[in-house]
Amino acid sequence: MSRSVSYRLLLFAAITVAAVVFLLPTFVRPAPSWWPWHQPVRLGLDLQGGTHLLYGVDIDQAVDTTLDRQMQDLERELRDAQIGASTLERDGQVIHLRLANVDKRSQVLDVLKDRFPGLVMVATPDAAPGEMSLTLEPREIQRVRDNVQEQALKIIRNRIDQFGVAEPTVQAQGSDEIVVQLPGIQDPERAKELIGRTALLEFKLLGEGPQAGTVEHPGQGVQVLYGRSETGRRQAYLVERRTLMTGDVLTDASVSPGSATEGMAVEFVLDARGAKQFGQVTTASVGRRLAIVLDGMVESAPTIREPITGGRGQITGRFDFKEAQDLANVLRNGALPAPLKLLEERTVGPSLGKDSIRKGMLSFAVGTVLVIAFMLVYYRGGGAIADGALVLNVLILAGAFAAFGFTLSLPGIAGIVLTVGMAVDANVLILERIREELRLGKTPRAAIEAGYERAWYAIRDSNVTTFCSGLILFQFGTGPVRGFAVTLCMGILTSLITGVFGTRVVYDAVVSRRRLSTVSV
Amino acid sequence: MAMRSTGQPEKAAPVQHHFFEIIPPGTNIDFVGMRFRMLIVSWTLIAIGLVSIYLHGGLNYGIDFAGGTMVHVKFAQSTPVADIRGALSGGELREVVVQNVGQGETEFQIRVVGSPQSGSAAVADSIKAGLKARFGEGTYEVLRVETVGPKVGKNLWRDATLAVLAATLVMGAYIALRFELRFGIGAAVALVHDVLITLGALSIANMEFDLTTVAGLLTVVGYSVHDTVIVSDRIRENMRKMRRETLATVMNLSINETLSRTLITSGTAVLVTAALFLLGGPVIHSFAFTLLVGFIVGTYSSIYVASPIVLYLEKRQVKRR
């Protein structure tokens, strides 16, 4: 046997062993503890049962809200600068401003330049000198859009975490959609309620001193709440159970540049009732930390530096602009930066999932047996080799699912069944070609050589096109359809590896050992 | 003009080969000569399909595309469709479609297309309530509930159309690049042909047209081209070998030479999709049906549609010269 043949045989043996290693935990549960791999193949919701929710984030609404806020700020700034606007109104995504005094125009432009970098003038040729139309800069709109989806994602994730479901998926899809997958949840009502409800924003003092206890044993009137620390890790806080204020007393919050020494700041404004409450709280607790709790998660816990009695306060810290923006959003809206709309809801019961697996496996078994039997009868020796490649192909394909953590859906199983039917095509092409070459009077060795060589072009071109359709399918589809596309593409790759290169090794090994006068194809 | 089949080599082969063959070597069916008759067959099939789609008022859109609510239930005992319809009439459920899926009269898909003002969740709830009131709890099991908003459906429709179009263009372009432009055109026409006939078959069989059906269609697109490539590849090879023969002769020879491969591969592919169709369960029923029809039509079109188009384009070229 030549060295190249031995190497290739070794390579295929290694691939086979690897596939078995990855696959065993899927079929033997639990796998022995010494086994190097423990992750079984992940099943899609259609196979294990569960709930799939698709939410749309109303991004235009978020842009409108941003514009409204900018308009309010502008009105305040203009009032502070003693420039009266006779009208200031929003029409769609454009703010119309008409000045009472045309001479103040340059002053207004200064204010806009200094304080409102996100606003740009809309050219309106027939506008009077005192009229201006303003809109958000495209970059600013993009930022709002990106931000909104990201924030909605974060909030949903937080809420789902509280729901306590194993391996939930919360993912952005496109620019304005969010997919939530809850395996094993049959009754999505509670989850939907949790995701869709308005957020609860509370202010609570952090527990202090020995009576606060520890995280393991919180003291009387103290609870443990979690938040994300600066490094993004989960961090536990000891928080007094008593809620001092809720978010409804906040009227506004915004990011302000702050001072050079302290960095970004978040300014907030309270209503009259809130101003009174907050004044009392802060006067009594200077030096303590006040936790800002959103839906039971600690968002921030700033230290109270001085009594805040005027209804206006500022939170400073080592946050960058985005973090400051997030905190301002939390304070302002409580939670969701834009309304969420449930677009799609799919629930699969566990028995249907089990039934689907059973039926998928049955059709797989029947299809495979039929194909294997046919190849064996029609091509005898060559068919047996092709069948070996087919079995190896399925093994590698399934192993790849386990190894790469792809999700197997029912269409995915169908994809595997389909791969079985189509993978033999390469072998059929090669074997037919070998037969033709043999009929031309070539020796078995030459016929095999020519068969592989000539068939390769057809195999390559045909598989490239099928692979392309798989890629397009992946791009188009979601969920189960993607699962099918992945299987289709993976199946093409593995069938090329086993059907073309794998069978070739076998022929090479046989041919190199002895001079063949016949070959069974 | 001499044409020799490859079956009888001049030199006596040292070994007599005995193969198990469906198509004996030297088979020479005049496929190219039949192309006009087949053109009629193709057009007839397409026309029947389109008429069926027209008469049905469009395809049988699942809620994926139309938006709406679907509840998939399984009864412990066989239950007449009329009983279920009766249980669901009245209230806000107006246009309820009850379809028996799977074997026996136990599994049903209840669909309400479109969502009312009160929201789609309400529809699912009132279906469940109606079933509970009529049959009582425990006599049936809710296997699946799906609710899709109208906006999603519209987006899906657009995405699906785009995907099929993109696939057609990409495949055509690839073949035009690897072979010649006319082969690319031939493959693209064959592909549209396959998609149209498959859509017609879906309509005639009243199969639900949903997301997975589109996945099936795209797979058919891939398969159809796959098959066309194999035949085209042989035509190209033979064109080099036999420069003096007419394209029609080369084509006929090539189709005949690849015929057994075509039949065997289509055979195995159809075999496994038939297994999926018969045994795979109701969830992928329309998907398997799409593949089954598409594969058969795809095989047919490689022989009778793609090649004649190439020939037609060749003749036009010759005439212009």
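(A) Region of the structure containing the overall build of chain A. Of the regular secondary structure elements, chain A holds 12 helices and 19 strands. If one aligns the C-alpha atoms of chain A with their principal axes, the spans along those axes are about 105 × 70 × 45 Å. Going through the 521 residues of chain A one by one, you find that 41% of them count as buried. For chain A, the proportion of contacts with a sequence separation of at least 24, taken over those separated by at least 6, is 68%.

(B) Structural view of the overall build of chain B. On a plain count of helices and strands, chain B comes out with 10 helices and four strands. Secondary structure elements of chain B occur, N-terminal to C-terminal, as α-α-β-α-β-β-α-β-α-α-α-α-α-α. Against the globule reference of 20 Å for 321 residues, chain B gives a C-alpha radius of gyration of 25 Å, more extended than a compact globule. Viewed in the frame of its principal axes, chain B has a C-alpha envelope of about 85 × 50 × 30 Å. Of all intrachain contacts in chain B linking residues separated by at least 6 positions in sequence, the fraction that spans at least 24 positions is 77%.

(C) How the structure looks around the nonpolar core. By size, the foremost hydrophobic cluster in this structure holds 174 residues, and its most contacted members are Val180, Ala414 and Val417 of chain A together with Met171, Ala187, Leu218 and Val221 of chain B. Val221 of chain B has contacts with Ser469 of chain A together with Val164, Ala167, Thr168, Met171, Leu191 and Val195 of chain B, leaving out every residue within four places of it along the chain. Residues Val239, Leu250, Ala265 and Leu270 of chain A belong to the second largest nonpolar core, which totals 28 residues.

(D) Layout of the sheet that holds strand β2 (residues 50–57) of chain A. Spatially, β7(A)-β8(A)-β2(A)-β18(A)-β4(B)-β1(B)-β3(B)-β2(B) is the arrangement adopted by the eight strands of the open sheet, whose pairing is antiparallel. Both edges of this open sheet fall to β7 (169–173) of chain A together with β2 (96–100) of chain B, since each of them pairs with a single strand only. Pairwise comparison of adjacent strand axes, ignoring direction, gives a mean angle of 20° for this sheet. One ladder, built from five bridges, connects β2 of chain B with strand β3 (residues 107–113) of chain B; its direction is antiparallel. Opposite Val97 of chain B, over in β3 of chain B, you have Arg111 of chain B as the bridge partner. Those strands touched by helix α5 (residues 150–178) of chain B are β2 and β18 (340–348) of chain A together with β4 (140–148) of chain B, and its axis lies near 80° from that of β18 of chain A.

(E) Focus on the confidence of the model for chain B. Residue and element names in this part refer to chain B. Per-residue pLDDT for chain B has a mean of 85; in total, 90% of the residues score no lower than 70. Low confidence marks residues 7–13, where pLDDT is under 50. Its contacts with residues over four positions away, or in another chain, come to eight contacts. Interface confidence for the predicted complex, expressed as ipTM, amounts to 0.85; the pTM equals 0.78.

(F) Structural detail: the interface of chain A and chain B. Contact with chain A, which involves 62 residues of that partner, is made by 60 residues of chain B. Among the secondary structure elements, those contributing two or more residues to the side of chain A that touches chain B are β18, α9 (350–404), α10 (410–439), α11 (444–476) and α12 (479–513) of chain A. Each residue belonging to the side of chain A that touches chain B can be placed in one class, and the counts come to 34 nonpolar, 17 polar and 11 charged.

(G) The sheet that holds strand β13 (residues 250–256) of chain A, seen in detail. Residues and elements named next belong to chain A. The strand order across the open sheet formed by three strands is β13-β14-β17, and the pairing between neighbours is antiparallel. One side of each edge strand has no neighbouring strand; the edge strands of this open sheet are β13 and β17 (312–316). With strand direction ignored, the average angle separating the axes of adjacent strands in the sheet is 20°. Relative to strand β14 (residues 265–270), β13 is paired through six bridges, and the arrangement is antiparallel. By the bridge assignment for β14, Ser256 is matched with Ala265.

(H) The domain arrangement of chain B, seen in detail. Residue and element names in this part refer to chain B. With domains assigned, chain B is organised as domain 1 (34–60 + 153–320) and domain 2 (68–148). Placing a centre on the C-alpha atoms of domain 1 and another on those of domain 2 gives a separation of 38 Å. Opposite the four residues of domain 1 that make contact, domain 2 presents four residues. Tallied by class, residues from the side of domain 1 that touches domain 2 come to one nonpolar, three polar and no charged.

(I) View of the packing of α9 of chain A against α10 of chain A. Residues and elements named next belong to chain A. At a minimum axis distance of 7 Å, the contact between α9 and α10 shows a crossing angle of 10°. Regarding the angle of α9 to α10, the classification is roughly parallel. Classifying every residue of the contact of α9 with α10 gives 18 nonpolar, 10 polar and no charged.

(J) Main features of the pairing of strand β6 (residues 131–136) of chain A. All names here are of chain A. Bridge analysis of strand β4 (residues 94–99) against β6 gives five bridges, and the strand direction is antiparallel. Note that in β6 the partner of Leu97 across the bridge is Met132. Pairing geometry for strand β5 (residues 119–121) and β6, over three bridges, is antiparallel. Bridged to Leu119 within β6 is Leu136.

(K) The arrangement of α5 of chain B in detail. With 29 residues, α5 of chain B should cover 42 Å at 1.5 Å per step; its first-to-last C-alpha distance of 42 Å lies within 8% of that length. Listing the buried residues of α5 of chain B in full gives Val152, Gly153, Leu156, Ala160, Ala163, Val164, Ala167, Thr168, Met171, Gly172 and Ile175 of chain B.

(L) Quick peek at helix α1 (residues 35–55) of chain B. Helix length check: α1 of chain B, at 21 residues, gives a terminal C-alpha distance of 30 Å against a target of 30 Å (1.5 Å per residue), a fit within 8%. Note on α1 of chain B: the residue one or two positions beyond its end, Gly57 of chain B, has a positive phi of about 65°.

About the thresholds
Residues numbered from 1 in each chain as written. Chains lettered and ligands numbered in written order. Predicted model: local features only at pLDDT ≥ 70, side-chain atom pairs only at ≥ 80, totals over all residues. Helix = DSSP H or I, 4+ residues; strand = E, 2+ residues; numbered from the N terminus. Buried ≥ 20, exposed ≤ 12 C-beta atoms within 10 Å, placed from the backbone. Contact = placed C-beta atoms within 7 Å. Rg over C-alpha atoms; globule rule 2.2 N^0.38 Å. Core = buried A, V, L, I, M, F, W, Y, C linked by C-beta atoms within 7 Å. Pairing = 2+ DSSP bridges. Axes fitted to C-alpha atoms, helices over the stretch in contact; angles between N-to-C directions. pLDDT = per-residue confidence, 0-100. Nonpolar A, V, L, I, M, F, W, Y, C, P; charged D, E, K, R; others polar. Domains from an automatic or database assignment. Parallel < 35°, antiparallel > 145°, perpendicular 65-115°, else oblique. Expected span 1.5 Å × (residues − 1).

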